[in-house]
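A structural walkthrough
Residues per chain are reported as follows:
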Amino acid sequence: MGGKRTQTDSGSRSSSSFILQDDEEGFSPNSSNALVLVQNAPIVSSYNERIRPMLDAIDKLRSLMVMEEGIQLPTIVVVGDQSSGKSSVLESLAGISLPRGRGICTRVPLVMRLQHHSDPEPELSLEYNGRVEHSDEDNISEDIVNATNLIAGDKKGISDTPLTLLVKKNGVPDLTMVDLPGITRVPVHGQPENIYDQIKDMIMKYIKPDESIILNVLSASTDFSTCESISMSRSVDKTGERTLAVVTKVDMAPEGLLEKVTADDVDIGLGYVCVRNRIRDETYEEARAIADRLFETDPFLSKIDKSMVGIQVLADKLVQIQAASIARNLPDIVKKINDKLNSCLSELNKMPKKLSSVAEAMTAVMQIIGTSKESLKKILVRGEFDEFPDDKHMHCTARLVEMLNKCSDQLHECNVSDHKSNFLQEEIAILEEAKGINLPNFVPRNAFLIVLQGIVKGISSIPIGFVEQVWSYIEDVVLSVLTRNTENYYHVQLSARRAGHNLIEKMKERSINWMMEIVEMEKLTDYTCNPEYLSEWHRLMIEQETFIQKVLRAAEININVEGIGMVEVGGLRKYPHVLLSQAFDLKMRMTAYWNVVLRRLIDIMGLHLQLSVSNLVNKDMEMEIMNELLGPNHGGGIERMLEEPPSMAVKRQKLIKSIKKLKESKEVVCKIMDDRFTYADYLV
C-alpha cells in the first residue's frame with residue numbers, strides 16, 4: 001500500500017515539474033508538450049483499473065435504483081455553501097464546463113460518473129426521467145441547464161429527482177459523485193421562501209447514511225467553523241471520519257491557511273486538500289500549471305505539505321476513499337440485497353394467486369370457507385387456540401364457560417331467589433287470596449304457581465341478556481376469522497362479513513325466542529321428574545313443627561331454618577298454626593323446586609349454546625356465505641373475485657418490480673464477488 005502511494009505522489013510531482021518547465025519555455029495549450037500532458041492524463045489515478053469493476057457495479061446498482069429498496073450505496077456527496085467553488089472543483093476533476101451564474105446553479109442532485117478511457121474523443125451523456133441524451137464538451141453546460149429545467153421547472157426551485165452526467169474521457173479519474181445544490185439562506189426572486197429548508201433536507205438525506213462520504217467544499221477566505229456545510233456534516237459525522245474537505249480559492253486568502261488546515265478545529269477526519277481552480281478563460285492545463293507553480297512559490301502556500309495540495313492529490317484521495325468505502329460496504333450490500341430479495345419473494349408468495357376463471361374463484365371461496373370452518377371448529381367447539389396463542393379474546397370455549405358461570409351466579413344471587421327476605425310473608429299473602437272451601441292441610445296448587453310465576457318473571461331478563469352477550473361475542477369472533485381469511489379478496493370479504501353478520505342476527509333472534517319460550521314454560525307449569533325435588537322437600541320439612549312452635553311461643557326473634565339460614569320471625573306470630581304450616585310447606589316446596597329450575601335453566605342454556613355453535617360452524621355459515629355470494633341481492637361475488645382490488649394489484653406490481661430490480665442487483669454484486677476482489681485488494 002505504501003508503495004502505491006509513493007508511485008502516485010511521484011507521478012504528481014513529475015507532472016508538476018513538467019508543467020513548470022514547460023511554462024518557463026513559454027507555455028501554450030497547443031504546444032507539443034501540452035499535448036503530451038493531456039495524453040499522459042496526469043489526473044488519472046493509478047488505481048483506476050483495479051477499482052473500475054467495483055465502481056461500475058455500484059453505478060449499476062445506483063442506476064437500478066436499488067436505493068429505493070432501502071439499500072444504501074457508498075456515495076461521495078459534494079456539499080458546500082453557495083459560491084464556495086463546488087462547480088469549479090468538479091470541473092477540474094471532470095475536465096468539462098458546468099453551468100455557472102448567479103444564484104443556485106445546481107438545482108437537482110447531479111450524479112457525476114467519471115470514467116477514464118483511452119479514446120481521445122470524449123463521450124458525454126445525460127440520463128434523467130428514463131431518457132438518455134448524448135452531448136459534447138461544447139454543449140454539455142447548456143444541456144445540463146435544459147435537463148434541469150425539465151426536471152425542476154424553469155424557475156429557480158429545486159427538485160430531488162437526480163440527473164446523471166456520464167463523462168467518459170481520457171484523463172479523468174474513475175469516480176462517482178453526487179453534487180447537491182449550494183446552501184443559501186436568502187431566497188432570490190423566483191425561489192420559494194423555504195429554499196434553505198428544502199436544500200438542507202436534500203443534503204441531510206444524502207449525507208446521513210453511514211455509507212456516504214462527504215466532500216465538503218470550503219472557501220479559503222471563510223471561517224470554517226461558521227460554514228453551514230460544516231455544521232450539517234458534523235451533525236451526521238461527529239468525528240469527521242467520513243468527511244474530506246476541499247479548500248478552494250487559496251490564491252485569494254493564502255495567509256493563515258496552513259494554520260487553518262493543520263489545526264483542524266472542525267474535525268475533518270479524512271483531511272484537507274487545498275486547490276486553486278480554473279478561472280475565466282484558462283484551459284484546464286493552464287489552470288493546473290498555474291496551481292502547481294502557486295503551491296511551489298507562494299510564501300504561504302508553499303509551506304503546505306504537497307500531500308495536501310492540488311487536483312491530482314484530490315483525485316487520488318477520492319479514488320482511495322471511494323475504493324475503501326466500496327470494499328468496506330460491499331459484503332453488507334450483498335447481504336442486504338439477499339435479505340430484501342428473500343423478503344419480497346416471501347411476501348409475493350403469501351399473496352393469493354391472481355384468479356383467471358370462475359372455477360378458480362369458486363375453488364378459492366371453498367378454500368376460504370373450509371379454512372374458516374376449521375378455525376372456528378378449533379376455537380368454538382374443540383377449545384384449541386394454537387392459531388391465537390396470545391389473544392385470549394379468541395380462546396372461545398373458556399370465554400363462553402365464563403359467561404355461562406356468570407349467568408348462573410346472577411340467577412342464584414337475584415333478589416327474587418332470596419329465600420330469607422320477608423320469610424313466609426309473600427307465601428301467607430298468596431295463601432290468603434288462594435284459599436277455598438277445601439281441607440285446610442293442603443297447599444293450593446294455584447298458590448304455588450303464583451309464587452313460581454313471580455320468581456320466574458323476576459329472573460327472565462338474565463337468560464335473555466346472556467343469549468345476547470354470547471351471540472355478540474360469537475359474532476365478533478366469527479367476523480374476525482372471516483376477515484382474516486378473506487383479506488386478499490375484498491369482494492368476498494364484504495360478502496362474508498355481511499353473511500356472517502346476518503347469520504348471527506338470525507341465530508341470536510332464534511335463541512332469544514327459544515329462551516323466552518323456555519321462560520314461559522317455567523311459568524306455565526310446575527313439573528320435574530328429578531327425585532332430588534322430593535328428597536330435598538322432605539329434608540326441609542323435618543323442622544316444620546319445631547319452627548312453628550318457636551314462632552308461636554315467641555321464644556326467639558331470629559330462627560335458623562335448615563336450607564334457608566337465619567330468618568326474622570317477629571311478624572309471623574299473629575298468624576294461626578294452620579296458615580303458618582301451609583306457608584312453611586309452600587316455601588320449602590318452592591325452595592326445593594327452584595333449585596331444580598335454576599339447574600335446568602343453566603343446563604338448557606349450555607346445551608342450546610353448544611348445539612347452536614355446532615350448527616353455525618358445520619352447516620349454516622357455509623350456506624349463508626354461498627347464498628350471499630350467489631343470491632339475487634348481492635350476487636356476482638364470485639365473478640368480482642376475478643377483479644383484483646387496486647391496492648392488491650399495486651402491491652403485486654410493486655413486489656414484482658422490486659424482485660426484478662433486486663435480482664438484477666444480485667447478479668451485479670455476485671459478479672464482483674466472483675471476480676475475487678478482496679477487501680485487501682480494495683484498500684489503498
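The preceding data block contains the structure.
Read on for a plain summary of the structure. Quick caveat, the model's predicted, so the values are computed rather than measured.

The rules behind these values
Residues numbered from 1 in each chain as written. Predicted model: local features only at pLDDT ≥ 70, side-chain atom pairs only at ≥ 80, totals over all residues. Heavy atoms only, no water. Salt bridge = Lys/Arg side-chain N within 4 Å of Asp/Glu carboxyl O. Helix = DSSP H or I, 4+ residues; strand = E, 2+ residues; numbered from the N terminus. Phe/Tyr/Trp six-rings, centres within 6.5 Å; stacked < 30°, edge-to-face > 60°. Buried < 20%, exposed > 50% of the residue type's maximum accessible area, 1.4 Å probe, protein only. Patch = residues over 30% accessible without salt bridge, like charges linked within 9 Å, V, L, I, M, F, W, Y side chains within 5 Å. Areas by Shrake-Rupley, 256 points an atom, 1.4 Å probe, with all protein chains shown as cover. Lys, Arg positive; Asp, Glu negative; His and termini not counted. Charge placed at Lys NZ, Arg CZ, Asp CG, Glu CD. Core = buried A, V, L, I, M, F, W, Y, C linked by side-chain atoms within 4.5 Å. Contact = heavy atoms within 4.5 Å. Pairing = 2+ DSSP bridges. Axes fitted to C-alpha atoms, helices over the stretch in contact; angles between N-to-C directions.

Time to look at the pattern of salt bridges. Applying the stated rule across the entire model yields 35 salt bridges. One salt bridge in this structure joins Glu622 and Lys373, with 3.1 Å as the shortest N-O distance. Here Glu622 is found in helix H19 (residues 577-630), whereas its partner Lys373 is found in helix H11 (residues 358-382), with 249 residues between them in sequence. Through salt bridges with shared partners, a single ionic network connects Lys378, Asp386, Glu387 and Arg484.

Inspection of the entire model under this criterion finds five aromatic pairs. Ring geometry for Phe423 and Phe547: centres 5.6 Å apart, planes at 85 degrees, overall edge-to-face. Here Phe423 is found in the loop between helix H12 (396-413) and helix H13 (425-434), whereas its partner Phe547 is found in helix H18 (residues 544-552), with 124 residues between them in sequence. Residue Phe423 shares its accessibility class with Phe547, and that shared class is buried. An aromatic cluster is defined as three or more aromatic residues linked by ring pairs; in this entry it consists of Phe423, Phe547 and Phe584.

Another aspect to go through is a negative patch on the surface. There is a patch of like negative charges on the surface, built from Asp119, Glu121, Glu123, Asp136 and Asp138. Residue placement: Glu123 occurs in strand S3 (residues 123-128). Classification of Glu123 as partly exposed rests on a relative accessible area of 40%.

Turning next to unusual backbone geometry. Across the chain, the bulk of peptide bonds are trans and the bulk of non-glycine residues have phi less than zero. Even without glycine at this site, Met65 takes up a positive phi of about 65 degrees. Of note, Met65 is situated in the loop between helix H3 (48-63) and strand S1 (75-80).

Glancing now at the nonpolar core. The biggest cluster of nonpolar side chains holds 94 residues, and the ones touching the most others in it are Leu380, Phe423, Ile474, Phe547 and Leu572. No other element matches the 24 residues that H19 contributes to this core. Among residues more than four places away in sequence, those in contact with Ile474 are Leu380, Leu400, Ile504, Leu609, Val613 and Leu616. Residues Ile76, Val167, Leu215 and Ile311 belong to the second largest nonpolar core, which totals 40 residues.

A word on the sheet that holds S1. Strand order across the open sheet formed by nine strands is S4-S3-S5-S2-S6-S1-S7-S8-S9, with mixed pairing between neighbours. Single-partner strands in this sheet number two, and they are strand S4 (131-135) and strand S9 (272-274). Each strand of the sheet is rotated relative to its neighbour by a mean of 20 degrees, with strand direction disregarded.

The element strand S5 (residues 163-168) is extensively covered by neighbouring structure, given that five of its six residues are classed as buried. Where strand S2 (residues 110-115) and S5 come together, six bridges link them in parallel fashion. Considered in S5, the bridge of Arg113 is made with Leu166. In the sheet, S3 pairs with S5 via five bridges, with the strands oriented antiparallel. Within S5, the position partnered with Glu123 by the bridge is Lys168.

If you trace the backbone, Ile557 turns up in the loop between H18 and strand S10 (558-561). Separated by ten residues in the primary sequence, Ile557 and Val567 place their C-alpha atoms 8.5 Å from one another. Excluding residues that lie within four positions of it along the chain, Ile557 makes contacts with Val567, Glu568, Val569, Gly570 and Arg573.

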